[in-house]
Amino acid sequence: MNSPLPNVNWNADNMKDSIEFGNADILFTDVDDTLTTDGRLLPETYLALCRLAEAGISVIPVTGGCAGWCDQIIRTWPVRAVIGEGGAFYAERTAAQTVSWRYWEDELKHRRDQQTILEAVAALKLDFEPKLATDQPFRYVDVAVDYNQQQSLTPEQVAAIHDALLAQGFNVRQSSIHINIWLGDFDKSTMSLRVGRELLGLDTQALQQRSIFIGDAPNDESMFRSFPMSVGVANIRKHLPIMTHRPAAIVSQRSGLGFAEMAEAWLRQRAESGLK
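Position numbers for residues count from 1 along each chain, tracking the sequence in the order it is written. Only residues with pLDDT of 70 or above have their local features reported here, since the model is predicted, and side-chain atom pairs are shown and tallied only from 80 upward, although totals for entire chains, interfaces and linings are computed over all residues. Heavy atoms throughout the structure, all of them, feed into the side-chain values; hydrogens and water do not.

Novice: Summarise the packing of aromatic side chains; cite the residues concerned and give the values.
Specialist: In this analysis, rings of Phe, Tyr and Trp, with Trp reduced to its six-membered ring, are considered paired at centre separations within 6.5 Å, and the interplanar angle assigns stacked below 30 degrees, edge-to-face beyond 60, and tilted for intermediate values. Here the structure, examined in full by the defined rule, presents 12 aromatic pairs. On the numbers, 6.5 Å between centres and 75° between planes, the contact of Tyr46 with Trp77 is edge-to-face. One end of the pair, Tyr46, is in helix H2 (residues 43–54); the other, Trp77, is in the loop between helix H3 (67–76) and strand E4 (82–84), and 31 residues separate them in sequence. Only protein chains enter the accessibility calculation, which uses a 1.4 Å probe; a residue is then buried when its area is under 20% of its type maximum, exposed when over 50%, and partly exposed in between. Among the residues examined, Trp77 registers a relative accessible area of 7% and is labelled buried. On the basis of an interplanar angle of 85° and a centroid distance of 5.7 Å, the ring pair of Trp69 and Trp77 is categorised as edge-to-face. Per the convention used, a helix needs a DSSP run of H or I reaching at least four residues, while a strand needs a run of E reaching at least two, with both numbered from the N terminus.

In structure tokens, the structure reads:
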């Protein structure tokens, strides 16, 4: 399977020239502003998810979103598993009403680390007060500072928070809505590779050959680095100047409609090649 050329624009006429989906049957997807559009899951996007799952594609959301969000995703969406809080854990259904949680490390250690981060955020000496994301009570591992959801911080304020916490030794990544802070050597990519091994029985090379990733923001860079067949929705363009690892192709539409655009191209290629 050939890797796609970097930074190729997608449109309805040249998608097949941009990336060949081949026999790929696994989709890792970001959630906020990749599946959601302005905070909503559009019917077109959810239908695309359902169609991919019905076609035999294992859909695995990879989100910076909280554990509470992940719990409803794994219970109600047509997905194989969900990776949450930037790679801190993954959840899978083990029976109709049973969800199993697998943490990167020990759950109690993660909880202690989270408390350390909360104290560090509270102690920041800035000329403004950072606000935690409203979903913070539903987080198991990381800490999220709101900069673009219910709060509206300037780029300079975002940079001040980022730099201050990075200087204290924390991992800091910016999603489209939150600044996520955690301790540990995990990220979206490392946990995706673990899911490949533990849940799908695939080594790294096999997983890369069979997987597509789609995302929208700088906190997806580890996924763009690790998965050659990667896609960005159109709203990623505003982040490209500060990104080292970029998607191999970019769809023409933003957010959830861009996801649906990618899904349509993938399903069309599968039909043309005789795959169901």
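So much for the structure itself; the text now carries on.
Novice: Summarise the pairing of strand E9 (residues 171–174); cite the residues concerned and give the values.
Specialist: A pair of strands counts as paired when DSSP detects no fewer than two bridges linking them. The pairing of E9 with strand E10 (residues 178–182) spans 4 bridges and is antiparallel. Considered in E10, the bridge of Arg173 is made with Asn180. Turn length for the E9-E10 hairpin, with the two strands adjacent in sequence and antiparallel, is 3 residues.

Novice: Lay out unusual backbone geometry in plain terms, naming residues and giving numbers.
Specialist: Both trends apply: most residues other than glycine have a negative phi, and most peptide bonds are in trans. Positive phi is not limited to glycine here, since Glu85 has a value of about 50°. Positionally, Glu85 belongs in the loop between E4 and strand E5 (89–95). Positioned with a positive phi, Ser255 is a non-glycine residue whose angle comes to about 50°. Given a relative accessible area of 1%, Ser255 falls into the buried group.

Novice: Can you lay out the sheet that holds E4 for me, pointing to particular residues and giving the numbers?
Specialist: In any sheet, the strands associate via hydrogen bonds between backbone groups, in a parallel or an antiparallel arrangement. Read across the sheet, 3 strands follow the order E4-E5-E6 without closing on themselves; strand pairing throughout is antiparallel. At either margin of the open sheet sits one strand with a lone partner, and together these are E4 and strand E6 (98–103). Sheet twist, expressed as the average angle between the axes of neighbouring strands with direction ignored, equals 30°. In this sheet, E5 lies alongside E4 in antiparallel orientation, the contact comprising 3 bridges. For helices, the fitted axis covers only the stretch in contact; all axes are lines through C-alpha atoms, and the angles between them, taken along N-to-C directions, range from 0 to 180 degrees.

Novice: Please give an account of empty space enclosed by the protein that cites residues and values.
Specialist: A water-sized probe, rolled over the atoms, reveals where empty space remains. A 1.4 Å probe that fits but cannot get out identifies a cavity on a 1 Å grid over protein atoms alone, an open set with protein on both sides within 12 Å along at least five of seven lines counts as a pocket, and a residue lines either if it has an atom within 4 Å of a point. Grid points are joined across faces, edges and corners, and a volume is the space filled by probe spheres set on the points. The tally for this structure, following the rule as stated, stands at 1 cavity of 30 Å³ or more. In this structure, the largest cavity spans a volume of roughly 80 Å³. Around the largest cavity, the lining comprises 14 residues; the ones closest to its centre are Asp32, Gly64, Ser175, Ile177 and Asn219. Among the residues making up the lining of the largest cavity, the classes are represented as 2 nonpolar, 8 polar and 4 charged. Classification convention: Asp, Glu, Lys, Arg as charged; Ala, Val, Leu, Ile, Met, Phe, Trp, Tyr, Cys, Pro as nonpolar; all other residues, Gly among them, as polar.

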